[in-house]
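# Remarks on the overall topology
Here is what each chain is made of, one letter per residue.
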Amino acid sequence: MDIFKKELKNQVFFVAGDHTILTEVYHPKNDEHIKLPYSLAFASIKVGNKSLLHRLEQEEMYIFTQGVGTITIGKNNFRVEKGTHILVPGGIDQEVTNDGSEALEFYCLVSPPWEEKDELIL
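As a starting point, this report considers the structure included with it. (Residues numbered from 1 in each chain as written. Predicted model: local features only at pLDDT ≥ 70, side-chain atom pairs only at ≥ 80, totals over all residues. Heavy atoms only, no water.)

## Some details on the pattern of salt bridges
- Scanning the entire structure with this criterion turns up 8 salt bridges.
- Here Lys9 and Glu7 are joined by a salt bridge, their closest N and O atoms 3.5 Å apart.
- On the basis of relative accessible area, Lys9 is assigned to the exposed category, the value being 70%.
- Judged by relative accessible area, Glu7 falls into the partly exposed class, the value being 28%. (Salt bridge = Lys/Arg side-chain N within 4 Å of Asp/Glu carboxyl O. Buried < 20%, exposed > 50% of the residue type's maximum accessible area, 1.4 Å probe, protein only.)

Right, here's the structure in full:
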């Protein structure tokens, strides 16, 4: 197996369907030379903003690296901050709110890999 290195400063960011600022760090459709059973994205939410309420069919792991916020999963609210990890089962409504004074940043690990057809914006 080869070793691959990427740096966030070299990634292309865009506004995702759920209104987070996102880059796909690793995704099988973009990295065909790597056989991955998951996709990995990096997301950011500006101060005072939140993602749109959405639902994925796949499981999703959030790994928070900066900021303070709230993640709503179904009817449950959880405080999140740097070092928080949250596993969201597939098929459950979710949204992330930035409650802090800096960007809320996190990685999203989705298994099987994220596909647009499997995400519903509510």
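## A short note on the packing of aromatic side chains
- Enumeration over the complete set of coordinates arrives at 5 aromatic pairs.
- Geometrically, the ring pair formed by Phe42 and Tyr107 is edge-to-face, given 4.9 Å between the ring centres and 65 degrees between the ring planes. One end of the pair, Phe42, is in strand E3 (residues 39-45); the other, Tyr107, is in strand E10 (residues 104-111), with 65 residues separating them in the sequence.
- Residue classification places Phe42 among the buried positions, given a relative accessible area of 6%.
- For Tyr107, a relative accessible area of 24% translates into the label partly exposed.
- Their ring planes at 15 degrees and their centres at 6.0 Å tell us that Tyr62 and Phe64 sit as a pair that is stacked. (Phe/Tyr/Trp six-rings, centres within 6.5 Å; stacked < 30°, edge-to-face > 60°. Helix = DSSP H or I, 4+ residues; strand = E, 2+ residues; numbered from the N terminus.)

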